[in-house]
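Chain by chain, the residues:
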Amino acid sequence: MTSQRVSKTNVTTPVVARSRGELAKGLAALRTGPNGVRRSIAFVPTMGAMHEGHRALMRRAGELADMVVVSVFVNPLQFGAGEDFDAYPRTFEADLAACRDEDVALVFAPTADVIYPQQPKVTVQGGQLGELLEGASRPGHFDGVLTVVTKLFNLVAPDVAVFGEKDYQQLALIRQMVQDLDIPVHVVGATTVREYDGLALSSRNRYLSDDERAGALALSRALRAGAGYSEAASVVSAAQAILDAEPRLRVDYLALVDADTLEIVDDQHGGAARLLVAAYAGTTRLIDNIAVTLSANTIDLGTPIGLKE
């Protein structure tokens, strides 16, 4: 796709669509370029409270298509009982400024009744993949994520959508959903953006006290330590040792999984894997992950009897 986007010297405030009608009108205007040529659209779904990680997603989207559309919607379906839906930070004016700085053309900022005119009777289920890891700790979470992403894909109809690799299981599920349901959107993962000291950027980092944040740094240290090995057992033990030494963290899970299937791997597994961790720092739940390349630990059985070497 060739980019027709304007330079930042000509940036204007993005069009803000609050309703389905405003969104449809704004998208129609975006899609038609000079001489009637169709423009491509890249989409970045967010829940707002934007930080540099969101900006990186927008910039990546701008490299992939002519126009960038961002949604800002705190999705109630993906929050479980006792989670922070009501307290989740809502900073729309700052979010809009970030979108303006990153050349976003349109911001879709609906209320819950726009996305869900009635309580959904049919939802998208994550299946077995959605019940692992995050899904086991947060039952129904991915069903809520997949349902809202499907609705947003249908409303925006983008050519490409960009998601952060920090939420790796979410990314894997969305890719699987797009494949299984034949949704015509190309899903792209963008590298996790980190603070100077390694902490993965998250809208929830603002909840951390100074002491909790210091403890949270063990997450990225553990992942880097594990990624320094190529055998599954060594990867996990190296990471676990660092987590065990940090009393300010309460670990939910540490798992080494196949990069595509998210199935737990062992020393017989070679190739691309992902080391994922979730833990509480105080009352704040944080997740992180890192890519790992494994070497399969195969057993040499020697030359079978009757065959020459």
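Residues numbered from 1 in each chain as written. Predicted model: local features only at pLDDT ≥ 70, side-chain atom pairs only at ≥ 80, totals over all residues. Heavy atoms only, no water.

### Digging into the packing of helix H6 (residues 141-156) against helix H7 (residues 168-180)
The packing of two helices is summarised by the inter-axis angle and the distance between the axes.
Piece 1. It is the contact of H6 with H7, at a shortest axis distance of 11 Å, that shows an interaxial angle of 55°. Of the possible angle classes, the one that applies to H6 and H7 is oblique. Like other packed secondary-structure pairs, H6 and H7 cross with a definite hand, here right-handed. When H6 is examined against H7, the residues Phe142, Val145, Leu146, Val149, Thr150 and Phe153 are found in contact with a partner set consisting of Gln169, Gln170, Leu173, Ile174, Met177 and Val178.
Piece 2. Here the contact of H6 with H7 is composed, by residue class, of nine nonpolar, three polar and no charged. (Axes fitted to C-alpha atoms, helices over the stretch in contact; angles between N-to-C directions. Helix = DSSP H or I, 4+ residues; strand = E, 2+ residues; numbered from the N terminus. Parallel < 35°, antiparallel > 145°, perpendicular 65-115°, else oblique. Left-handed = near helix turned anticlockwise from the far one by under 90°. Contact = heavy atoms within 4.5 Å. Nonpolar A, V, L, I, M, F, W, Y, C, P; charged D, E, K, R; others polar.)

### Notes on the side chain of glutamate 246
Piece 1. Counting through the fold element by element, glutamate 246 comes out in the loop between helix H9 (232-244) and strand S7 (249-258).
Piece 2. Residues contacting glutamate 246, with those up to four places away along its chain left out, are Gly215, Ala218 and Arg221.

### Quick word on the sheet that holds strand S8 (residues 271-281)
Piece 1. The strand order across the open sheet formed by three strands is S7-S8-S9, and the pairing between neighbours is antiparallel. Of all strands in the sheet, those with a lone pairing partner are S7 and strand S9 (284-294), marking the two edges. With direction set aside, neighbouring strand axes in the sheet form an average angle of 15°.
Piece 2. Where S8 and S9 come together, 11 bridges link them in antiparallel fashion. Pairing of alanine 279 across the sheet is with leucine 286, part of S9.
Piece 3. Relative to the sheet, helix H8 (residues 210-227) contacts S7, S8 and S9, its axis offset from that of S9 by approximately 15°. (Pairing = 2+ DSSP bridges.)

### A word on the packing of aromatic side chains
Piece 1. Overall, the coordinates contain four aromatic pairs when judged by the stated rule.
Piece 2. With a centroid separation of 6.3 Å and 50° between ring planes, the pair formed by phenylalanine 73 and tyrosine 116 is classed as tilted. You can see phenylalanine 73 sitting in the loop between strand S3 (67-72) and helix H3 (92-101) and its partner tyrosine 116 sitting in the loop between helix H4 (112-115) and helix H5 (134-137), a full 43 residues away along the chain. For the pair formed by phenylalanine 73 and tyrosine 116, the shared burial category is buried.
Piece 3. Note on phenylalanine 79 and phenylalanine 85: the rings are 5.4 Å apart at their centroids and 70° apart in plane angle, and the pair reads as edge-to-face.
Piece 4. Clustering of aromatic rings is evident, with ring pairs tying together Phe79, Phe85 and Tyr88.
Piece 5. Of note, arginine 18 hangs over the ring of phenylalanine 92, and the distance from its end group to the ring centre comes to 4.6 Å.
Piece 6. The ring of phenylalanine 85 carries the charged tip of arginine 90 above its face, separated from the ring centre by 4.9 Å. (Phe/Tyr/Trp six-rings, centres within 6.5 Å; stacked < 30°, edge-to-face > 60°. Buried < 20%, exposed > 50% of the residue type's maximum accessible area, 1.4 Å probe, protein only. Lys NZ or Arg CZ within 6 Å of the ring centre and 35° of its normal.)

### Observations regarding the nonpolar core
Piece 1. Formed by 46 residues in total, the largest nonpolar core has its most connected members in Val69, Phe108, Val149, Phe153, Phe163 and Ile174.
Piece 2. For this core, the element with the highest residue contribution is H6, accounting for eight residues. (Core = buried A, V, L, I, M, F, W, Y, C linked by side-chain atoms within 4.5 Å.)

### With respect to the environment of alanine 281
Piece 1. Here alanine 281 lies in strand S8.
Piece 2. In this structure, the C-alpha to C-alpha distance between alanine 281 and glycine 53, residues 228 residues apart in sequence, is 20 Å.
Piece 3. Those residues in contact with alanine 281, other than ones at most four positions away along the chain, are Leu208, Glu212, Ala216, Arg248, Leu249 and Leu286.

### Concerning unusual backbone geometry
Piece 1. Unlike most non-glycine residues, aspartate 103 shows phi in positive territory, near 65°.
Piece 2. Tracing the backbone through its elements, the reader meets aspartate 103 in the loop between H3 and strand S4 (106-108).
Piece 3. Phi is positive for alanine 157, which is not a glycine, with a value near 50°.
Piece 4. Note that alanine 157 resides in the loop between H6 and strand S5 (160-164).
Piece 5. Accessibility expressed as a relative area gives 38% for alanine 157, which makes it partly exposed.

### Here's the deal with the pattern of salt bridges
Pairing between side chains of opposite charge can happen when their charged atoms approach one another.
Piece 1. For the coordinates displayed, the defined rule picks out 18 salt bridges.
Piece 2. Between glutamate 165 and arginine 274 there is a salt bridge; the shortest N-O distance is 3.1 Å. Placement of glutamate 165 in the loop between S5 and H7 and of arginine 274 in strand S8 is noted, with a sequence separation of 109 residues between them.
Piece 3. Overall, the relative accessible area of 19% leaves glutamate 165 in the buried class.
Piece 4. Across the pair aspartate 288 and arginine 194 runs a salt bridge, and its minimum N-O distance is 2.8 Å. With aspartate 288 in strand S9 and arginine 194 in the loop between strand S6 (186-190) and H8, this residue pair connects regions lying 94 residues apart in the sequence.
Piece 5. On the accessibility criterion, arginine 194 (31% relative accessible area) is partly exposed.
Piece 6. The network of salt bridges with shared partners includes Glu52, Arg55, Arg59, Arg100, Asp101 and Glu102. (Salt bridge = Lys/Arg side-chain N within 4 Å of Asp/Glu carboxyl O.)

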